[in-house]
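Coordinate inspection notes
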Amino acid sequence: MYKIAAFIKFNKKIENKILYQKKKVKDLFGDQTYLNHPVHLTLFTLKIKKISELKIFYKKLESKKKTKSLTISLSSADIFINDPLTGGHTIFYKIKKNKVLNSIQINHLRKINKKIKVLKDDLYLFKDLTLKKNYKDYGFPFVDKIWLPHITIASIKNIKPQHKFIRDFLKTKISLKCIIDEIRFYKIIKDKHTFLFKTEII
């Protein structure tokens, strides 16, 4: 079994902005969850049996489709207080709502699930009915309307959400855009991300 992730990467201007914030977190609080992850937007993560099947599937798919591009805009700083996935406060930059981005996510998930065996053995973890249904249908709980596209800085433990750093971060003004035309797939083992291949947005 392999855990794979579909990421969207950004231009240098956005990447440097995120890396600057990551450095501030590390200087103030040391190593924290997500801090060493590459700068990215997660479209989805899945558990599959064979990576080779995924590669073959996308090669066939690319040969039938024309390349698209999409403009993504960062909108504001935000926080997941007491993030259940980490036990910390997860700070991030929101991506401006975009119907095209949502359709790209769900279209890829639908196509993958039709052609490849996606493992869905963590269904018991989800109590929320929408998350449970999404996971059962796609192998990923945060799909379509319930998905909040964002770029994570870090998830910080052992501080209060009223901490000065968090208050200052939430006041951060950001207005950056990026044209993207590809999705990058990675194999994930704990905090290690190994690049597999890239594909067109389609």
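Here goes a summary of the coordinates provided. (Residues numbered from 1 in each chain as written. Predicted model: local features only at pLDDT ≥ 70, side-chain atom pairs only at ≥ 80, totals over all residues. Heavy atoms only, no water.)

1. Some remarks on a positive patch on the surface
A cluster of like positive charges, contributed by Lys-49, Lys-50, Lys-117 and Lys-120, occupies part of the molecular surface. What makes Lys-50 partly exposed here is its relative accessible area of 48%. (Patch = residues over 30% accessible without salt bridge, like charges linked within 9 Å, V, L, I, M, F, W, Y side chains within 5 Å. Areas by Shrake-Rupley, 256 points an atom, 1.4 Å probe, with all protein chains shown as cover. Salt bridge = Lys/Arg side-chain N within 4 Å of Asp/Glu carboxyl O. Lys, Arg positive; Asp, Glu negative; His and termini not counted. Charge placed at Lys NZ, Arg CZ, Asp CG, Glu CD. Buried < 20%, exposed > 50% of the residue type's maximum accessible area, 1.4 Å probe, protein only.)

2. Some points on the packing of aromatic side chains
Working definition: an aromatic ring pair is given by the centre-to-centre distance plus the angle between the planes. Under the criterion given, the structure shown has 13 aromatic pairs. Ring centres of Phe-7 and Tyr-186 lie 5.1 Å apart, and the angle between their planes is 35°; this geometry places the pair in the tilted category. Taken together, the residues Phe-7 in strand E1 (residues 2-8) and Tyr-186 in strand E8 (residues 182-189) connect sequence positions 179 residues apart. The exposure class of Tyr-186 is buried, given its relative accessible area of 8%. (Phe/Tyr/Trp six-rings, centres within 6.5 Å; stacked < 30°, edge-to-face > 60°. Helix = DSSP H or I, 4+ residues; strand = E, 2+ residues; numbered from the N terminus.)

3. Some thoughts on the side chain of His-108
Here His-108 lies in helix H3 (residues 99-115). Not counting residues within four places of it along the chain, the set of residues in contact with His-108 comprises Phe-44, Tyr-58, Ile-183, Glu-200, Ile-201 and Ile-202. (Contact = heavy atoms within 4.5 Å.)

4. Things to note about the pattern of salt bridges
Should their charged atoms come close, side chains of opposite charge can pair. Taken as a whole, this structure holds 9 salt bridges when the rule is applied. Between Asp-31 and Lys-26 there is a salt bridge; the shortest N-O distance is 3.5 Å. When its relative accessible area of 42% is taken as the criterion, Lys-26 is described as partly exposed. Connected through shared salt-bridge partners, Lys-47, Asp-121 and Asp-122 make up one network.

5. Some details on the packing of helix H2 (residues 51-62) against H3
Working note: a packed helix pair is described by the angle between its axes plus the distance between those axes. At a closest axis distance of 11 Å, the pairing of H2 and H3 adopts a crossing angle of 120°. Considering their axes alone, H2 and H3 lie oblique with respect to each other. Crossing of H2 over H3 shows right-handed handedness. Each of Leu-54, Phe-57, Tyr-58 and Leu-61 in H2 lies in contact with H3, whose residues at this interface are His-108, Lys-111, Ile-112 and Lys-115. Among the residues forming the contact of H2 with H3, the class breakdown is 5 nonpolar, 1 polar and 2 charged. (Axes fitted to C-alpha atoms, helices over the stretch in contact; angles between N-to-C directions. Parallel < 35°, antiparallel > 145°, perpendicular 65-115°, else oblique. Left-handed = near helix turned anticlockwise from the far one by under 90°. Nonpolar A, V, L, I, M, F, W, Y, C, P; charged D, E, K, R; others polar.)

6. Focus: unusual backbone geometry
Non-glycine residue Tyr-34 carries a positive phi angle of around 75°. Along the chain, Tyr-34 falls in the loop between helix H1 (12-29) and strand E2 (41-48). At Lys-190, a position not held by glycine, the phi torsion is positive, near 55°. When you line up the elements, Lys-190 lands in the loop between E8 and strand E9 (192-200). On the basis of relative accessibility, which here comes to 79%, the residue Lys-190 falls in the exposed class.

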